[in-house]
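Residues per chain, in single letters:
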Amino acid sequence: MTILTQATAPTTAPTSVNDAVDSVSTWWDDPTTREWLLERPTKIIAILVIALLVHWIARRIINRAARHNIENQGNAFPMMRRRGEEQATAVQKAQEERRKQRVLTLANVGRSAAAIVIWTWAVLAVLDQLGINVGPLIASAGVVGVAIGFGAQSLVKDFLSGIFMLLEDQYGVGDTIEVNGISGEVEEVTLRITTVRDVDGTLWYVRNGEILQVGNFSDRYSVARVQVPVALVADPDLAAETIEKSAKAAVKDSEFAADVLEEPVLNGVTEFAIDHMSFRVTVKTLPGKQWGVQRHLNRRIIDDLQEAGIPLPYPQGKLQLGAHEEKA
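Attention in this report is confined to the structure presented alongside it. (Residues numbered from 1 in each chain as written. Predicted model: local features only at pLDDT ≥ 70, side-chain atom pairs only at ≥ 80, totals over all residues. Heavy atoms only, no water.)

## Topic: the overall build of the protein
What the protein contains, in helices and strands, is nine helices and eight strands. When burial is assessed residue by residue, the protein has 30% of its 328 residues classed as buried. Excluding contacts between residues fewer than 6 apart, the proportion of contacts in the protein whose partners are at least 24 apart in sequence is 64%. Element-wise, carbon and sulfur atoms account for 59% of the exposed surface of the protein, whose accessible area totals about 21,400 Å². (Helix = DSSP H or I, 4+ residues; strand = E, 2+ residues; numbered from the N terminus. Buried < 20%, exposed > 50% of the residue type's maximum accessible area, 1.4 Å probe, protein only. Contact = heavy atoms within 4.5 Å. Areas by Shrake-Rupley, 256 points an atom, 1.4 Å probe, with all protein chains shown as cover.)

Printed below as a string of C-alpha cells:
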C-alpha cells in the first residue's frame, strides 16, 4: 500500500496546479473581472485627466482674455473699445485702473464657475462608472435645489445681488466705498460677500444680499470739501479773498497738482454760528484723492489766515505753540 501511494502521489500535484491555473484563467477571462480591473479604472482615470485638462484650458483662456483685455485697454471686447483717443486724461486713467480691477474680479468669478461646472461633470461621470445610477440623482437634484432654495433664500439673494453688482459695475476691488455704515477700501468681491478694510484696519465681511445702498468714492471723480471757520468780527470780503487765494496756491503744489482736476471754488459763507461764520471751498479731484487734498488745504488756509491777521472764532484767534511750556 505504501508503494502504491508513493507511485500515485506525484500525479496529483500537476492536477492541482492545472486546476489553479484554470481557475485564474477563468476568473481573468470573466468579462466582469476585466470590466472592474481594466475598463472602469481606465475610464475613471481618463475622466479625471480630461477634467484636469479642460480645467487648465478654461483657466488659461480666462486668464489670457483678462490679461489681453487689460493690456489692450478694453479692445478685447467691442463694448469696451475706446476710439480716437490718443492720450487719456487723468480721469480716464483713474477709470482705466478701476476697469482693470473689475476685469480681474470677473475673471476670478469665471474661474470659479468653470471649476464648479467641470468638476461636477467629473464627479457624476465617475459615479456612473462605479455603477451608481446618476439619472435619479440628477432628477432629484432639481427637487433638492428647490427645497434648498426655499430654505436658503438669503444665500440665493446674496448670489443674485453679487451677479447684478458685477454686471452693473457698482464697485470693484480697490474702490473706496461706504456700505451699511462701513467706510473703507474693497479688498475682495465674490458672488456672496464683499470684504472691506476700514481706516482702522478692521476687515469687514458684508453679505451682498444685505447691501441696500452703497456709496462709491472712487467712481469717475471726487470732491474735496473744506469748511473754514472765521470769527464774526472779521471782514468777510477779506476773509473770502484770502481763503480763495490760499486754496488756489495750495493745489498748485507739486505733491498735489496731479490729483486736482479743476480750480478750487469758493462757495462763500455757508454757515453761521454764535461765534463764527464758515466758508466752504470745494475742489474736484481724482477718485480717492480728495482726503489728501482736503488735509493739505486745511493746513495751508489756516496758515494764510493767521498770516493775514484774520481772527479765528476762538479765544486769542491764533495757535500758540509752546505756550504750555513757557508757562511751566
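## Topic: unusual backbone geometry
One non-glycine residue, aspartate 169, lies in the positive phi region at around 55°. Looking at where aspartate 169 falls in the secondary structure, it is placed in the loop between helix H6 (153-168) and strand E1 (176-179). Look at aspartate 169 and you get partly exposed, because its relative accessible area is 27%. Unusually for a residue other than glycine, asparagine 180 sits at a positive phi of about 50°. Tracing the backbone shows asparagine 180 in the loop between E1 and strand E2 (182-189). Using a relative accessible area of 44% as the deciding quantity, one classes asparagine 180 as partly exposed.

## A look at the pairing of strand E8 (residues 276-285)
Among the 10 residues of E8, eight are classified as buried, and the element is accordingly described as predominantly covered. The pairing of strand E7 (residues 265-272) with E8 spans six bridges and is classified as antiparallel. When the sheet's bridge partners are listed, glutamate 271 is paired in E8 with serine 278. Counted along the chain from E7 to the antiparallel partner E8, the turn is three residues long. (Pairing = 2+ DSSP bridges.)

## Considering the pairing of strand E3 (residues 193-198)
Most of E3 is tucked away, with five of its six residues classed as buried. Note that E2 and E3 share five bridges and pair antiparallel. Looking at the pairing, glutamate 188 lines up with threonine 195 of E3. Hairpin geometry of E2 and E3 is characterised by an intervening segment of three residues between the two adjacent antiparallel strands. Where E3 and strand E4 (residues 203-207) come together, five bridges link them in antiparallel fashion. By the bridge assignment, isoleucine 193 is partnered in E4 with arginine 207. Connecting E3 to the antiparallel partner E4 that follows it, the hairpin turn spans four residues, and glycine 201 within it adopts a positive phi of roughly 90°.

## Re H6
Here H6 spans 22 Å end to end across 16 residues, near enough to the 22 Å set by a 1.5 Å rise per residue. Just past H6, the residue aspartate 169 takes up positive phi, approximately 55°. (Expected span 1.5 Å × (residues − 1).)

## Here we look at the nonpolar core
Counting 23 residues, the largest nonpolar core has Val228, Val230, Ile243, Phe279, Leu297 and Leu305 as its most contacted members. For this core, the secondary structure elements donating two or more residues are strand E6 (222-231), helix H7 (236-250), E8 and helix H8 (290-307). Looking at which element gives the most residues to this core, the answer is H7, with five residues. Not counting residues up to four positions away in its chain, the partners in contact with leucine 305 are Val228, Val230, Thr242, Ile243, Ile310 and Leu312. (Core = buried A, V, L, I, M, F, W, Y, C linked by side-chain atoms within 4.5 Å.)

## What to know about the side chain of serine 246
Positionally, serine 246 belongs in helix H7. Judged by relative accessible area, serine 246 falls into the buried class, the value being 3%. Among residues more than four places away in sequence, those in contact with serine 246 are Arg300, Ile301 and Asp304.

## As for the packing of H7 against H8
To characterise two packed helices, one gives the angle between the axes of the helices and the distance between these axes. Where H7 meets H8, the axes come as close as 9 Å, and the angle between the chain directions of the two elements is 135°. When the interaxial angle is binned, H7 and H8 end up oblique. When the axes of H7 and H8 are compared, the crossing they make is right-handed. Listed contacts from H8 to Thr242, Ile243, Ser246, Ala247, Ala249 and Ala250 of H7 are His296, Leu297, Arg300, Ile301, Asp304 and Leu305. Grouping the amino acids of the contact of H7 with H8 by side-chain chemistry returns seven nonpolar, three polar and two charged. (Axes fitted to C-alpha atoms, helices over the stretch in contact; angles between N-to-C directions. Parallel < 35°, antiparallel > 145°, perpendicular 65-115°, else oblique. Left-handed = near helix turned anticlockwise from the far one by under 90°. Nonpolar A, V, L, I, M, F, W, Y, C, P; charged D, E, K, R; others polar.)

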